Amino acid sequence: MRCREGTLMKRSNLFRLLLVPSLMLAVAGRTTAQDAHVQITVHWDKIVQESRTSPTLQVVVNPPLRRGTAVHDNAFKALHDLGADYVRYVPWLPYPRLGVAELEPPKDGKTSWDFSLIDPMTIDFLEANKGHSVVLNFSTIPQWMYKTDKPIAYPDDPNKALWNYEQGTELRDATFQEVADYYARLLAWYTKGGFKDEYGKQHESGYHYSIPYWEVLNEVDFEHRMTAQTYTRLYDAIVSAMKKVQPELRFVGVSLAIPGQNPDFFEYFLNSKNHEPGMPLDYISYHFYAVPAPDETLDIQQHTVFAHADGFLNTVRNIEAIRKRLSPGTGTMINEIGIISADDIAQVDPNHVTKTIPDSYWNLAGAEYAYIFAELTRLGIDVAGESQLVGYPTQFPSVSMVDWNNGKPNARLWVLKLLHDNFGPGDKIVEIAPASPVAPDSPYLTDLAVVTKTGKRKILLVNKRDRNLELSMAGAADGRFDYVDVTTGFQPAASTKLSSDKLMIHGFSVGVVTFP
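Position numbers for residues start from 1 in each chain and track the written sequence from start to end. pLDDT decides what is reported in this predicted model: residues at 70 or higher carry local features, side-chain atom pairs at 80 or more are listed and counted, and totals for whole chains, interfaces and linings draw on all residues regardless. Each side-chain value is derived from all of the structure's non-hydrogen atoms; neither hydrogens nor water enter the calculation.

1. A word on the environment of Pro-263
Mapped onto the elements of the fold, Pro-263 is located in helix α8 (residues 263-269). Categorising residues by exposure relies on relative accessible area from a 1.4 Å probe, with only protein chains included: less than 20% of the type maximum marks a residue as buried, more than 50% marks it as exposed, and the intermediate range marks it as partly exposed. Classification of Pro-263 by relative accessible area gives partly exposed; the value is 37%. Considered as a pair, Pro-263 and Asn-410 are 147 residues apart in the sequence and their alpha carbons are 35 Å apart. Counting from the N terminus, the helices are the DSSP runs of H or I reaching at least four residues and the strands are the DSSP runs of E reaching at least two.

Okay, here's the thing in structure tokens:
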């Protein structure tokens, strides 16, 4: 998710940080030479480590998810049918009426608390995920709590986006208690049946949901431009207030947009000496989006996306080193993973017309997520969250996991379901032998072999190119191959029985071989 004022800055930062010009020149364009046959040899008896990684997604509040739209029913059905844990729910800044429960400051004994537009989507989300863990993040602090030269107006129309709602860097309450109390009341509204407002008046909701995780704010390196010191103080204040409402609640902190630029943020936040005594540091979170250049065709984007992903994975390794050194008991949620197209970045222009997105783009984006999921699994990351359930023109269409016209899943969501249904915490990751000492891996294929909790032998295969690859795997004959690729389109994963150890996978394929 990106605020309007931060989007242009992020664009330049991402290009500067992640582009690898020499690599791009070397690999740009479709390879016409025949790729070598890939032989995959799995040592099923050699366990490398145990997986702890859950594949999941985030749901960002926006108008298409409101009741009565053409998107609502299908999108929430897909969410329910997925059955994922750690699903992140984010009422976010462009739609103040859909995400901020107190839009005006208390005055003359009256408050503006109003959940009438917020509750329907939130309740639908909680019901769709009943029986599974969720991570709530009401990311937008009421703007009136910040010092500005004049009040910030917001539209009467709840469906109208306002990208500059968040302004200011200094809270009017220097103790941060005002913000902390706001979040404590939000939590009480959904878990304790209601709350008392600033004047002692009781507001009844009747809700008693179980909310196991709460993420404290979103992309604070962009939103209100917080320093590590300011955010840590605010985190402590919010967590202290919310734990009085629900002592067992666990918290997710940091939530950075560009983590590679902010290693000092993690150094500060993960050092318990910088927090109040006893402050929980349950999880940290941060985000990644590949950002192709405006003039790149899809044929070139396939190289850019995975080059950016490799750069991000190095960032993950660095942050993990910091986390393990300072706070090894803290988990990690990487809860926004995707691609933001150059066309999406151009949507800040009010005259912008969204370009048509080719169907194979969704397969590229699905393969990117599957690749990152596989690598995060090897790195021991707790949560790998794909972004996001619904995007649409004017609100990052290139990150959508459903068709924004009808809410039906595209390839990105089918890839997530394929991963969710086949891999997860408790799997035993086993050794895959290198192809040769000289060329240990195919540069176009990523694989991950596991023995699941139920004893099934499975291999995840990710084709990082828009062309077919020939593979062979000893023992695969009579197994099953489930896959999402350029041939399956917007349909669920296809399945076929393997008649031999040899297999051909299509472009941008994400597939799972289940051995007999």
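2. Section: the packing of helix α3 (residues 72-82) against helix α12 (residues 411-422)
The convention used is that axes are lines fitted to C-alpha atoms, helices contributing only their stretch in contact, and that angles between N-to-C directions extend from 0 to 180 degrees. At a minimum axis distance of 10 Å, the contact between α3 and α12 shows a crossing angle of 15°. In this view, α3 runs roughly parallel relative to α12, as classed from their interaxial angle. Between α3 and α12 lies a crossing whose hand is left-handed. Contacts between α3 and α12 involve Ala-78, Asp-81 and Leu-82 on the former and, on the latter, Leu-413, Leu-416, Lys-417 and His-420. An angle below 35 degrees is treated as roughly parallel, one above 145 as roughly antiparallel, one from 65 to 115 as roughly perpendicular, and anything else as oblique. Should the near helix be turned anticlockwise from the far one by less than a right angle, the crossing is left-handed, and should it be turned clockwise, the crossing is right-handed. By definition, residues are in contact when any of their heavy atoms lie within 4.5 Å.

3. Details of the sheet that holds strand β14 (residues 457-463)
Here 9 strands make up an open sheet; going across it, the order is β17-β16-β19-β14-β13-β12-β1-β15-β18 and the pairing mixed. Looking at which strands have only one partner, the edges of the open sheet turn out to be β17 (494-497) and β18 (502-505). Direction aside, the axes of adjacent strands within the sheet are offset by 30° on average. Being paired, for any two strands, means DSSP has found at least two bridges between them. Summarising the sheet, strand β1 (residues 38-50) and strand β15 (residues 469-473) pair through 3 bridges and their orientation is parallel. In the strand pairing of β15, Ile-40 is matched with Met-473. Packed on one face of the sheet, helix α11 (residues 359-379) meets β1, β12 (428-433), β13 (445-451), β14, β16 (480-484) and β19 (510-514) and runs near 50° to β13.

4. Details of helix α5 (residues 119-128)
Among the 10 residues that make up α5, 8 are buried, leaving the element largely enclosed by the rest of the structure. Contacts from the buried residues of α5 go to β2 (54-60), α3, β3 (87-90), α4 (96-99), β4 (134-136) and α6 (177-191).

5. Thoughts on the environment of Glu-170
Note on placement: Glu-170 falls in the loop between β4 and α6. For Glu-170, a relative accessible area of 44% puts it in the partly exposed group. Residues Glu-170 and Val-450, spaced 280 residues apart in sequence, show a C-alpha to C-alpha distance of 49 Å. Apart from residues no more than four positions distant in its own chain, Glu-170 is found in contact with Tyr-146 and Lys-147.

6. Some remarks on the packing of aromatic side chains
In summary, the pairing rule links any two rings of Phe, Tyr or Trp, Trp by its six-membered ring, whose centres are within 6.5 Å, and it sorts them by plane angle into stacked for under 30 degrees, edge-to-face for over 60 and tilted for everything else. One pass over the full model with this rule turns up 33 aromatic pairs. Taken together, a centroid distance of 5.0 Å and an interplanar angle of 70° make the contact between Trp-44 and Phe-515 edge-to-face. Of this pair, Trp-44 sits in strand β1 while Phe-515 sits in the segment after β19, placing them 471 residues apart in sequence. Accessibility assignment for this pair places Trp-44 and Phe-515 in one class, buried. Between the NZ or CZ atom of Arg-457 and the centre of the ring of Trp-44, over which it lies, the distance is 5.2 Å. Our definition puts a charge over a ring when NZ of Lys or CZ of Arg is within 6 Å of the ring centre and also within 35 degrees of the ring normal. Above the plane of the ring of Tyr-444 lies Arg-467, whose end atom (NZ or CZ) is 4.6 Å from the centre.

7. Re unusual backbone geometry
Put simply, Ser-387 and Gln-388 share a cis peptide bond, and its omega is -10°. As for its position among the elements, Gln-388 is in the loop between β11 (383-386) and α12. Here Phe-176, not a glycine, exhibits a phi torsion of approximately 70°, which is positive. Examined against the element boundaries, Phe-176 turns out to sit in the loop between β4 and α6. Overall, the relative accessible area of 7% leaves Phe-176 in the buried class.

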